[in-house]
Amino acid sequence: MSDHIDNTDKIIFAEVARGLAAVRRRPALVAHGCCLYCDEALAPARLFCDVDCRDDYEKEQAAKARAGRPG
């Protein structure tokens, strides 16, 4: 019985490792003084003006990925 559990653990850890590797390969967002979604002026270190813009940006990027279009 422990062999099945050990094999399942290996599969789970492999999936987690693949997911982490995929996230690490994604290019990081770069702050440029404007909200990345609505272009409102921001402090230089901020990416989005609020949570709504961040969420909308992520939804838009996910939709583009599902459609096979580059971000």
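**Looking at helix 2 (residues 51-67)**
Right, so step 1: The end-to-end C-alpha separation of helix 2 is 24 Å, in line with the 24 Å expected for 17 residues at 1.5 Å each.
Right, so step 2: Taken as a whole, helix 2 has its buried residues at C53, Y57, Q61 and K64. Taken down its axis, helix 2 places every buried residue within 70 degrees of arc, on the same side. Seen from the buried face of helix 2, the exposed residues on the opposite side, beyond 90 degrees, are D52, K59 and R66.
Right, so step 3: The opening residue of helix 2, the one whose side-chain oxygen lies 3.3 Å from the backbone nitrogen of D52, is D50.

**Observations concerning a negative patch on the surface**
Right, so step 1: Judged by side-chain charge, E40, D50, D52 and D56 come together as a negatively charged surface patch.
Right, so step 2: Following the sequence through the fold, D56 ends up in helix 2.

Rules used throughout
- Residues numbered from 1 in each chain as written.
- Predicted model: local features only at pLDDT ≥ 70, side-chain atom pairs only at ≥ 80, totals over all residues.
- Heavy atoms only, no water.
- Helix = DSSP H or I, 4+ residues; strand = E, 2+ residues; numbered from the N terminus.
- Expected span 1.5 Å × (residues − 1).
- Buried < 20%, exposed > 50% of the residue type's maximum accessible area, 1.4 Å probe, protein only.
- Arc of directions from axis to C-beta.
- Polar contact = N/O pair within 3.5 Å; in protein donor to acceptor, adjacent residues only side chain to side chain.
- Patch = residues over 30% accessible without salt bridge, like charges linked within 9 Å, V, L, I, M, F, W, Y side chains within 5 Å.
- Areas by Shrake-Rupley, 256 points an atom, 1.4 Å probe, with all protein chains shown as cover.
- Salt bridge = Lys/Arg side-chain N within 4 Å of Asp/Glu carboxyl O.
- Lys, Arg positive; Asp, Glu negative; His and termini not counted.
- Charge placed at Lys NZ, Arg CZ, Asp CG, Glu CD.

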